[in-house]
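Commentary on secondary and tertiary structure
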Amino acid sequence: MTQNEKSIPVIIVGGGQAGLSMSWYLCREKVEHIVFEAKTACHSWDDERWDNFCLVTPNWQCELPGHPYKGNDPHGFMVKQEIIDYVKGFVDSFTPPLREHTAVTSITRHQSGGYRVVAGQEVWHAQHVVIASGAYQDAVIPGYASAIDPAIYQVHSQDYRNAAELPEGAVLVVGSGQSGAQIVEDLFLEKRKLHLCVGSAPRVSRFYRGRDVVDWLADMHFYDLTVDNHPLRDGARDKTNHYVTGRNGGHDLDLRLFAQKGVGLHGSLENIRDEVAHFAPDLKDNLDDADKTNADIKKSIDAYIAREDQCSDRSTLRAGMGTQ
Ligand SMILES: Cc1cc2nc3c(=O)[nH]c(=O)nc-3n(C[C@H](O)[C@H](O)[C@H](O)COP(=O)(O)OP(=O)(O)OC[C@H]3O[C@@H](n4cnc5c(N)ncnc54)[C@H](O)[C@@H]3O)c2cc1C
């Protein structure tokens, strides 16, 4: 160990939910550690979501360790400030050894085993390092963005806040994943003239057969599937999430319905040259694929219900025959 180098068994890089959850378990097991957070514990929810943002996942699913959702709307969807309060409440519940505004800039092997970690102005020696730096840290800005006339206002979804911040005139939303589809609705409700480049994101219905689809998928143990057991294996990490919303109690985001109400739908944006946007001829395929995924999810729920019904018929029969 060199002079001024501090030593600790575990360093956690990132103080979002994942890093803080890890810290909760280490606190419980009394393992000494420190969490370095480049910004603040809630910053991704606080600084990178639009004003009308709300969760797509139902409140009951918010189960940080030792800190389950305790509100009176388990099947509702927290809005931005409620999510921030919930995460802050988690931090307050166990006061983790959290160092905010301290970015980890280097991790290398330490000559005496473990890792040499540079955090802010300090050098640390840790036996174990947990990387919990998140999956959405770097905004993906396509190359053609730089070819767009600087007079045209551009904003990435993580910096979008509300319709009023955009200059007057029509808006082109590029991308129809969860963010794109929800931002289209946000702008649509503010009566903006809109165009949407539809990509290959799948969609899912909010409710099916009287329940939230997330409730069905939870019963089907879909969320217990690990990457190793997922049919796509590592590809599961890059899979685009299905578009749907929790806004105002939750509903579908059906892009064809937006088109009927005046939103211009286009295929994926290929490039912008000489102020002309060029779209791939994939709009119909992308919409059809999204609908097919939605229909397939419903079929898998139907099959699950049929299996469960058969099982309960069998056990009722066994009970009736006294052979349970
Ligand atoms: C638009 C959008 C909508 C979403 N909606 C939902 C939803 O409805 N339901 C749901 O369950 N999930 C949703 N998610 C996903 C959810 O935000 C993430 O799954 C969750 O934030 C992951 O937590 P995390 O701790 O892994 O990462 P993050 O919350 O991103 O935290 C990572 C932290 O690491 C810090 N960090 C990064 N690099 C360093 C470094 N070098 N040194 C120190 N600190 C560092 C960052 O500052 C950050 O605070 C959404 C995500 C987005 C982008």
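Residues numbered from 1 in each chain as written. Predicted model: local features only at pLDDT ≥ 70, side-chain atom pairs only at ≥ 80, totals over all residues. Heavy atoms only, no water.

**So, the domain arrangement of the protein**
- When the domains of the protein are assigned, the result is domain 1 (5-131) and domain 2 (146-310).
- The centre of domain 1, based on its C-alpha atoms, is set 28 Å off from the matching centre of domain 2.
- Across the contact, 14 residues belong to domain 1 and 21 residues belong to domain 2.
- Roughly 1,500 Å² is buried in total at the junction of domain 1 and domain 2, and carbon and sulfur atoms are behind 54% of that figure.
- Along the contact surface separating domain 1 from domain 2 lie 0 salt bridges. (Domains from an automatic or database assignment. Contact = heavy atoms within 4.5 Å. Buried area = accessible area lost by both parts, 1.4 Å probe. Salt bridge = Lys/Arg side-chain N within 4 Å of Asp/Glu carboxyl O.)

**A few points about the sheet that holds strand β7 (residues 115-119)**
- The 6 strands are arranged β5-β2-β1-β8-β7-β6 in an open sheet whose pairing can be described as mixed. Of all the strands in the sheet, the pair left with one neighbour each is β5 (98-99) and β6 (104-109).
- The strands that helix α1 (residues 17-28) touches are β1 (6-13), β2 (33-36), β5 and β8 (122-131); relative to β1, the one it contacts most, it runs at about 135°. (Pairing = 2+ DSSP bridges. Helix = DSSP H or I, 4+ residues; strand = E, 2+ residues; numbered from the N terminus. Axes fitted to C-alpha atoms, helices over the stretch in contact; angles between N-to-C directions.)

**Re the packing of aromatic side chains**
- Taken as a whole and assessed by the stated rule, the structure comprises 8 aromatic pairs.
- Note on W24 and Y25: the rings are 5.0 Å apart at their centroids and 85° apart in plane angle, and the pair reads as edge-to-face.
- A residue is classified by how much of its surface remains accessible, and Y25, at 38% relative accessible area, is partly exposed.
- These aromatic residues form a ring-pair network of at least three members: W45, W50 and F53.
- A cation over an aromatic ring shows up here: R49 above the ring of W45, its NZ or CZ 4.5 Å from the ring centre.
- Note that R49 overlies the ring of F53, its terminal NZ or CZ placed 5.6 Å from the centroid. (Phe/Tyr/Trp six-rings, centres within 6.5 Å; stacked < 30°, edge-to-face > 60°. Buried < 20%, exposed > 50% of the residue type's maximum accessible area, 1.4 Å probe, protein only. Lys NZ or Arg CZ within 6 Å of the ring centre and 35° of its normal.)

**Things to note about the layout of surface pockets**
- Taken as a whole, the second largest pocket spans an internal volume of roughly 160 Å³.
- Taken together, E185, F188, L189, H251, D252, L253, D254, L257, F258 and K261 form the lining of the second largest pocket.
- Among the secondary structure elements, those contributing two or more residues to the lining of the second largest pocket are α4 (178-189) and α6 (255-260).
- With 3 residues, α4 is the largest single contributor of residues to the lining of the second largest pocket.
- By residue class, the composition of the lining of the second largest pocket is 5 nonpolar, 1 polar and 4 charged. (1 Å grid on protein atoms, 1.4 Å probe; cavity = no way out; pocket = protein on both sides within 12 Å on 5 of 7 lines; lining within 4 Å. Points joined across faces, edges and corners; volume = space filled by probe spheres on them. Nonpolar A, V, L, I, M, F, W, Y, C, P; charged D, E, K, R; others polar.)

**Describing the pairing of β2**
- The alternating pattern of β2 places H33 and V35 and I34 and F36 on opposite faces, both of which are buried.
- Where β1 and β2 come together, 4 bridges link them in parallel fashion. In the strand pairing of β2, V10 is matched with H33.
- Of the crossover connections in this fold, the one passing from β1 over α1 to the parallel β2 is right-handed.
- Strand direction decides the pairing type here: β2 and β5, joined by 2 bridges, are parallel. Directly across from V35, in β5, lies its bridge partner L98. (Right-handed = clockwise from strand over helix to strand, strands pointing away.)

**Considering the pairing of β6**
- Sheet topology note: the β6/β7 ladder contains 5 bridges and is antiparallel. Following the sheet pairing, T108 is matched in β7 by R116.
- Hairpin connection, β6 to β7: the antiparallel pair is bridged by 5 residues, and G113 has positive phi, about 95°.

**Re empty space enclosed by the protein**
- A complete count under the given rule lists 1 cavity of 30 Å³ or more for this structure.
- Roughly 40 Å³ of volume is contained in the largest cavity.
- Residues of the lining of the largest cavity, tallied by class, amount to 3 nonpolar, 3 polar and 3 charged.
- Two domains each provide a minimum of three residues to the lining of the largest cavity, namely domain 1 (5-131) and domain 2 (146-310).

**Points about the site of the ligand**
- The ligand sits among 25 residues. The nearest are A18, E37, V56, T57 and Q137.
- The separation between an oxygen atom of the ligand and a polar side-chain atom of E37 is 2.7 Å.
- Calculation on the ligand without its partners gives an accessible area of 1,000 Å², and the protein chains cover 78% of this total.
- Sorting the residues of the shell around the ligand by element identifies α1 and α2 (43-47) as the ones contributing at least two each.
- Counting residues per element, the shell around the ligand draws most heavily on α2, at 3 residues.
- Within the shell around the ligand, the residues separate by chemical class into 12 nonpolar, 11 polar and 2 charged. (Near = heavy atom within 4 Å. Polar contact = N/O pair within 3.5 Å; in protein donor to acceptor, adjacent residues only side chain to side chain. Areas by Shrake-Rupley, 256 points an atom, 1.4 Å probe, with all protein chains shown as cover.)

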